[in-house]
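Tertiary structure, described
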Amino acid sequence: MIKFGPSGLCSQFAESGRKHTIEAGKWLSDLGLDCFEYSFGRGVLIKSQTAAEIGEEFAKNNIEISVHAPYFINLATQEEEKAINNHRYIFSSLKALSAFGGKRCVFHPGSPLKAARSEAMSLLLKRFEEILKIKEDEGYGDLLLCPETMGKKAQLGDLQEIIEMCKLGDRNIVPCIDFGHLNSREQGLYYTADDYKRTIDALLKGLGEEKVNRMHVHFSKIQYSSGGEVRHLTFDDTQYGPDYQPLMQVFAEYKLSPYVVCESAGTQTRDALAMKEYYKSLNI
């Protein structure tokens, strides 16, 4: 079943007088949403007991939790010390995810820095294979790792690079397709349902129906420049895209069941609900 929810706590949550993530489970459920992404952008600082308490409350309200691993992961690093740190960031995220009772961990692939892009991608794939082996050995084989498409041209993580990453390992490596990021890389990519279909068709060809049906999705409007992503916006913005309605039409037509997380700037809960309500209006 397709699920919709926000990334993090929005301004509306704070304005309602609520303060702690544990209160968001019932709040999101009462609004009619289905999922929530907890970000460890600056590091995994949550205690296992706290994560378990939050996870229990969310499960009680049928809200599925995913996590976003720290933003500073770079699997293409040539420095061994940083490569070891990458492992720590990912596995501390998986440990917290397990405590939450969740299944999905999103992460940023990395950047070539001064290396040639092809060389950096080869190193990234090698390091990712190492992580996948350790993932099994550490008992996290049933958790999903979701490499994310990135918004800046200089970053690794275009659509084909994410497909190559997801070809490694087993069925529990699925793509995180951030349509706002892909739109930013190309200074405008998505305008019609056919535009979205080209991306979905490429995923189906590269990864097959099972992984695409289970994919993780990030969605927001994003301001971009010649280098790609600049900043996240809200659905109220009329200058930058992409628009969500054609994508919801494609999800319905293709009968896909992704996990859709809204990353709007401060209005992510409201905008996630707008996507869900529009999707429901298609009379699937």
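Preceding this section is the structure that the text describes.
Residues numbered from 1 in each chain as written. Predicted model: local features only at pLDDT ≥ 70, side-chain atom pairs only at ≥ 80, totals over all residues. Heavy atoms only, no water.

1. Overview of the packing of aromatic side chains
As a reminder, the rule being used: Ring pairs shown here join Phe, Tyr and Trp side chains whose ring centres sit within 6.5 Å, with only the six-membered ring taken for Trp; geometry is labelled stacked below 30 degrees between planes, edge-to-face above 60, and tilted in between. Starting at the N terminus, helices and strands are each numbered in turn, a helix being any DSSP run of H or I of at least four residues and a strand any DSSP run of E of at least two. We call a residue buried when its accessible area falls under 20% of the maximum for its residue type, exposed when it is over 50%, and partly exposed in between, using a 1.4 Å probe and counting protein chains only.
Under the definition given, this model contains 16 aromatic pairs. Where Phe4 meets Tyr279, the ring centres are 5.9 Å apart and the plane angle is 55 degrees; that geometry is what we call tilted. Within this pair, whereas Phe4 is found in strand β1 (residues 3-6), its partner Tyr279 is found in helix α11 (residues 268-281), the two being separated by 275 residues in sequence. Residue classification places Phe4 among the buried residues on the basis of a relative accessible area of 1%. Joined through ring pairs, the aromatic side chains of Phe219, Phe235, Tyr244 and Tyr278 make up one cluster.

2. Overview of the side chain of Ser264
Note the following rule: Within 3.5 Å is the distance limit for a polar contact, defined as a pair of N or O atoms, with the added protein rule that one can donate a hydrogen and the other accept it, and that residues adjacent in sequence qualify only through two side-chain atoms. We call two residues in contact when some of their heavy atoms are within 4.5 Å.
Within the secondary structure layout, Ser264 lies in the loop between β10 (259-262) and α11. For Ser264, a relative accessible area of 4% puts it in the buried group. A polar atom in the side chain of Ser264 sits 2.7 Å from the side chain of Asp271. Apart from residues lying up to four places away in sequence, Ser264 is in contact with Phe219, Ser220, Leu233, Thr234, Phe235 and Asp271.

3. Notes on the side chain of Ser184
Mapped onto the elements, Ser184 comes out in helix α7 (residues 179-185). One polar contact links the side chain of Ser184 to the main-chain carbonyl oxygen of Gly180, over a distance of 2.9 Å. With near-sequence residues (within four places) excluded, Ser184 lies in contact with Gly151, Ile222, Gln223, Tyr224, Gly228 and Glu229.

4. Side note on the sheet that holds β10
Which entries qualify depends on this criterion: In short, DSSP must find at least two bridges between two strands for them to pair. All axes here are fitted lines through C-alpha atoms, helices being fitted over the stretch that makes contact, and every angle between N-to-C directions spans 0 to 180 degrees.
The parallel open sheet is built from four strands, whose spatial order is β1-β10-β7-β6. Only two strands of the sheet have a single neighbouring strand rather than two, namely β1 and β6 (176-178). Within this sheet the neighbouring strands show an average axis-to-axis angle of 20 degrees, counted without direction. Across four bridges, the pairing between β1 and β10 is parallel. Looking at β10, one finds that Gly5 is bridged to Val261.

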